[in-house]
Amino acid sequence: MPIQKFKTIQSTCVPLPVENVDTDQIIPARFLKATTKDGFGENLFRDWRYDKQNNPIKEFVLNNSTYTGTVLAAGKNFGSGSSREHAAWAITDYGFKVVISSFFADIFKNNALNNGLLPVQVSAGFLDKIFNAIDADANAEVKVDLENQVVTLLSTGESEFFEINAYKKECLINGYDDIDFLLSNIEKIQAFETNRKIPL
């Protein structure tokens, strides 16, 4: 699954105001056998989306057509638990490009960035404002400006700055994975190798 480049995303949000969502809830362990990234989206939050007879649980937000968009607004401590990269695969394969939370597990955050998924960490107060806006209007939108590292709640105009590793920011803006980044700098690397002095 190639990384899609983006600078700005404006979208409605799918609200998941649940704290301490771990990677086994995001993608249960029984679905980790595949070695490619494709197809994981259909099992995103599988045990929350479907009952034991594989019938959709209508109360779960992903089964509610009222909520759509490429932004997942999640509760505090999202992505805790095991370090499975498949969690990021499942979220991106489902169609999300951004996850907004007030805290991410570090390993999940790194896995997300490595797979073209932007984790936007905001204050608890700002996250509450997003949830409140969605409660008031399911069509409430946020604008995520990656270049300026600002997320804006468009219904109120309120904004907040978010942090991101500069290297990963460049990769997301250009649609690079780590190998793509190296290839984009191949001329600089070759020039360095040509000009560096090797001690005798």
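Presented here is an overview of the structure given in this document. What you see is a predicted model, and the numbers here were worked out from it, not measured in a lab.

This paragraph deals with unusual backbone geometry. Even without being glycine, Asn20 reaches a positive phi, approximately 60 degrees. Inspection of the secondary structure assignment puts Asn20 in the loop between strand S1 (8–16) and helix H1 (23–26). Assessed through its relative accessible area of 46%, Asn20 is described here as partly exposed. For Asn54, which is not glycine, the phi torsion reads 65 degrees and is therefore positive.

One way to put it is that helix H3 (residues 86–94) packs onto helix H4 (residues 106–114) with a least axis distance of 8 Å and a crossing angle of 50 degrees. One way to sum up the angle between H3 and H4 is to call them oblique. Seen from above, H3 lies across H4 with right-handed handedness. Taking contact as the criterion, the partners of Ala87, Ala88 and Ile91 in H3 are, on H4, Phe108, Asn111 and Ala112. Among the residues forming the contact of H3 with H4, the class breakdown is 5 nonpolar, 1 polar and no charged.

Moving on to the pairing of strand S3 (residues 98–101). Of the two faces of S3, the one lined by Val98 and Ile100 and the one lined by Val99 and Ser101 are each fully buried. Summarising the sheet, strand S2 (residues 71–74) and S3 pair through 3 bridges and their orientation is parallel. The residue of S3 that forms the bridge with Ala73 is Ile100. Of the crossover connections in this fold, the one passing from S2 over H3 to the parallel S3 is right-handed. Inspection of the sheet shows S3 paired to strand S4 (residues 118–121) by 4 bridges, in the parallel sense. If you follow Ile100 over to S4, its bridge partner there is Val120. Note that the unit made of S3, H4 and S4 has a crossover that is right-handed.

On to the nonpolar core. Residues Ile100, Leu118, Val120, Val142 and Val151 are the most contacted members of the largest nonpolar core, which totals 27 residues. Contributions of two or more residues to this core are made by S1, S2, S3, S4, helix H5 (124–136), strand S5 (141–145), strand S6 (150–153) and helix H6 (166–174). Top element by residues in this core is H5. It accounts for 6 residues. If we ignore the near neighbours within four places in the chain, the residues touching Ile100 are Val71, Leu72, Ala73, Ala74, Val120, Val122, Leu127, Ile130, Val142 and Val151. Counting 25 residues, the second largest nonpolar core, distinct from the first, contains Leu16, Ile26, Phe104 and Leu117.

Thresholds, definitions, all that
- Residues numbered from 1 in each chain as written.
- Predicted model: local features only at pLDDT ≥ 70, side-chain atom pairs only at ≥ 80, totals over all residues.
- Heavy atoms only, no water.
- Helix = DSSP H or I, 4+ residues; strand = E, 2+ residues; numbered from the N terminus.
- Buried < 20%, exposed > 50% of the residue type's maximum accessible area, 1.4 Å probe, protein only.
- Axes fitted to C-alpha atoms, helices over the stretch in contact; angles between N-to-C directions.
- Parallel < 35°, antiparallel > 145°, perpendicular 65-115°, else oblique.
- Left-handed = near helix turned anticlockwise from the far one by under 90°.
- Contact = heavy atoms within 4.5 Å.
- Nonpolar A, V, L, I, M, F, W, Y, C, P; charged D, E, K, R; others polar.
- Pairing = 2+ DSSP bridges.
- Right-handed = clockwise from strand over helix to strand, strands pointing away.
- Core = buried A, V, L, I, M, F, W, Y, C linked by side-chain atoms within 4.5 Å.

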